[in-house]
Amino acid sequence: MSGIFSLRNCVPVTLSFGITSRPIKLRVLLLLIEAAGARVEPLPAYSPEFNPKEECISKIKSELKRVKANTTRKLKNALRRAYAKVTLTDIRGWFQHCGYSVP
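Predicted model only: the values in this text are computed from it and were never measured.

Relative to the elements of secondary structure, E63 occurs in helix 2 (residues 52–67). Residue classification places E63 among the buried positions, given a relative accessible area of 8%. Setting aside residues no more than four positions away along its own chain, E63 makes contact with A82 and K85.

Quick look at the packing of helix 2 against helix 3 (residues 72–84) now. Relative to each other, helix 2 and helix 3 sit at 140°, their axes nearing to 9 Å. As summarised for this structure, helix 2 and helix 3 are arranged oblique, according to the angle between their axes. For the pair helix 2 and helix 3, the sense of crossing is right-handed. Judged by residue contacts, I60, E63, L64 and V67 of helix 2 engage L75, A78, L79, R81, A82 and Y83 from helix 3. A class-by-class count of the residues in the contact of helix 2 with helix 3 yields eight nonpolar, no polar and two charged.

Scanning the entire structure with this criterion turns up one aromatic pair. On the basis of an interplanar angle of 65° and a centroid distance of 5.9 Å, the ring pair of F95 and Y100 is categorised as edge-to-face. Under the relative-accessibility criterion, Y100 is labelled buried at 11%.

What counts, and where the lines are drawn
Residues numbered from 1 in each chain as written. Predicted model: local features only at pLDDT ≥ 70, side-chain atom pairs only at ≥ 80, totals over all residues. Heavy atoms only, no water. Helix = DSSP H or I, 4+ residues; strand = E, 2+ residues; numbered from the N terminus. Buried < 20%, exposed > 50% of the residue type's maximum accessible area, 1.4 Å probe, protein only. Contact = heavy atoms within 4.5 Å. Axes fitted to C-alpha atoms, helices over the stretch in contact; angles between N-to-C directions. Parallel < 35°, antiparallel > 145°, perpendicular 65-115°, else oblique. Left-handed = near helix turned anticlockwise from the far one by under 90°. Nonpolar A, V, L, I, M, F, W, Y, C, P; charged D, E, K, R; others polar. Phe/Tyr/Trp six-rings, centres within 6.5 Å; stacked < 30°, edge-to-face > 60°.

The following block contains the structure:
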């Protein structure tokens, strides 16, 4: 699984896992991810320059502004089209631009 990684923010996490819904602490979750051969990299607490989701949101917002949807139906259609315009190449580029190594 070389090159596979997961990003996490610095917010504490407790998840329910399995039928018993026992909480799993972030530490256990990180160990499970790493045991699968992936690498976990923390995101900064908040730094738009190093946060690839900011660039994604920007692309989606620019499409929504261009369309100027004035009804719920038009907004839903515009969102669908805006999401469809986000490509894998875009996503890789945003992560690279933020300084992350991308396979």
